Each structure stands twice: as structure tokens, then as C-alpha cells.
Amino acid sequence: MTTRDRASAALVQRMQECFNTRQFDQADDLFLAGFFSHPLGAAGFEAGKSAWRQLVALYPAMRVVAEDILVDGDKVAVRSSVEGIAIPEGDPAPVLMEIFRVDQGRLAEMWGAGSGFPRR
């Protein structure tokens, strides 16, 4: 793994740390001003912070844990397990799959999907 690859992986881990510790504003410097979230269809990280706040309102104990981080050029793919959410017995544990594009050492773009979250 190159130094650039390690830096890109660390960027995603730092973002998850900001989410897990609820220090959402600490994540601002991890994102480019023009960051675009494809799942939210929104530019700027303010939309991401709003989504994070909604998630923790629904699931106050929610934490994400990177299980796999793969770096290929300017893309970082991460498969994360989700902890702290009560799920019915026999249902699969929640999982997040996200791909980030890194530019200038910051997160520039994101695609993602989740599965196994309980219906509300």
C-alpha cells in the first residue's frame, strides 16, 4: 500500500471516528467544499451532517466499524458493520457499503448503500 493509499484509508477512518464520537463538525475539514453525496443527491457536507443527525436520532447507540477498506487510485471502498442497533433475532446485521472519491487529500464524492437496517 502506498503512502497515498494509507492516507486515503485514514481519511475514511477519521470520518467514521467523527461519526462514532458525534463530533460532526470535526469532519468538516475532511470534505471538499463541493463534496457531492450521490445517495442524498446533495452537494456540500452540511447535507451529510444532517443525515448523520437523523441517523443518531433514530439509533442513538449506532456506531460504524470499517471491516474492509480498499483503495484503487482516487477511490476508497469501505464495507462497514453497524453496531448499536437492535435488530430482530434472525435478521441480518446492518452493513454499509460506501465508495469515496478523494481529491486534494479530501473526500470529494460518495456513493453508498446500506442493508439490514430495521424498518421504522
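The preceding data block contains the structure.
An account of the accompanying structure is given in this report. What you are looking at is a predicted structure, and each value in this text was computed from that prediction instead of being measured. (Residues numbered from 1 in each chain as written. Predicted model: local features only at pLDDT ≥ 70, side-chain atom pairs only at ≥ 80, totals over all residues. Heavy atoms only, no water.)

**Thoughts on the nonpolar core**
Heads up, the rule is: Note on terminology: a nonpolar core comprises buried Ala, Val, Leu, Ile, Met, Phe, Trp, Tyr and Cys residues joined through side-chain atoms within 4.5 Å. Each residue's exposure class comes from its accessible area (1.4 Å probe, protein chains only) as a fraction of the maximum for that residue type: buried when under 20%, exposed when over 50%, partly exposed otherwise. Under the scheme used here, helices are H or I runs from DSSP no shorter than 4 residues and strands are E runs no shorter than 2 residues, and both carry numbers assigned from the N terminus. Here, residues are in contact when the closest pair of their heavy atoms is within 4.5 Å.
If you look at the biggest cluster of nonpolar residues, it comprises 27 residues, and the most contacted ones within it are M15, F31, W52 and L107. The set of elements that each furnish at least two residues to this core consists of α1 (3-20), β1 (31-37), α2 (45-58), β3 (63-72), β4 (75-83), β5 (95-103) and β6 (106-115). Those residues within four positions of L107 in sequence are excluded, and the remaining contacts are L11, V12, M15, L30, F31, L32, F35, F100, R101 and V102.

**Section: the pattern of salt bridges**
The following threshold applies: Here, a salt bridge means any side-chain nitrogen of Lys or Arg that lies within 4 Å of a carboxyl oxygen of Asp or Glu.
Here the structure, examined in full by the defined rule, presents 8 salt bridges. R14 is paired through a salt bridge with E17; the nearest N and O atoms lie 3.1 Å apart. Of this pair, R14 and E17 both sit in helix α1, 3 residues apart, roughly one helical turn. The class for E17 is partly exposed, based on a relative accessible area of 44%. For R63, the salt bridge goes to E83, with nearest N and O atoms at 3.7 Å. Of this pair, R63 sits in strand β3 while E83 sits in strand β4, placing them 20 residues apart in sequence. Among the residues examined, E83 registers a relative accessible area of 38% and is labelled partly exposed. Through salt bridges with shared partners, a single ionic network connects D25, D28, E46 and K49.

**Considering the layout of surface pockets**
Worth spelling out the cut-off: Think of a 1 Å grid over the protein atoms and nothing else: a 1.4 Å probe that fits but is trapped marks a cavity, an open set flanked by protein within 12 Å on at least five of seven lines marks a pocket, and residues with an atom within 4 Å of a point count as lining. Grid points are joined across faces, edges and corners, and a volume is the space filled by probe spheres set on the points. Put simply, Ala, Val, Leu, Ile, Met, Phe, Trp, Tyr, Cys and Pro go in the nonpolar bin, Asp, Glu, Lys and Arg in the charged bin, and everything else, Gly too, in the polar bin.
Empty space within the largest pocket amounts to approximately 560 Å³. Around the largest pocket, the lining comprises 27 residues; the ones closest to its centre are W52, L55, L96, E98 and M110. When residues of the lining of the largest pocket are traced back to their parent elements, those giving at least two are α1, β1, α2, β5 and β6. Per-element accounting of the lining of the largest pocket gives the leading share, 7 residues, to α2. Residues that form the lining of the largest pocket fall into these classes: 19 nonpolar, 7 polar and 1 charged.

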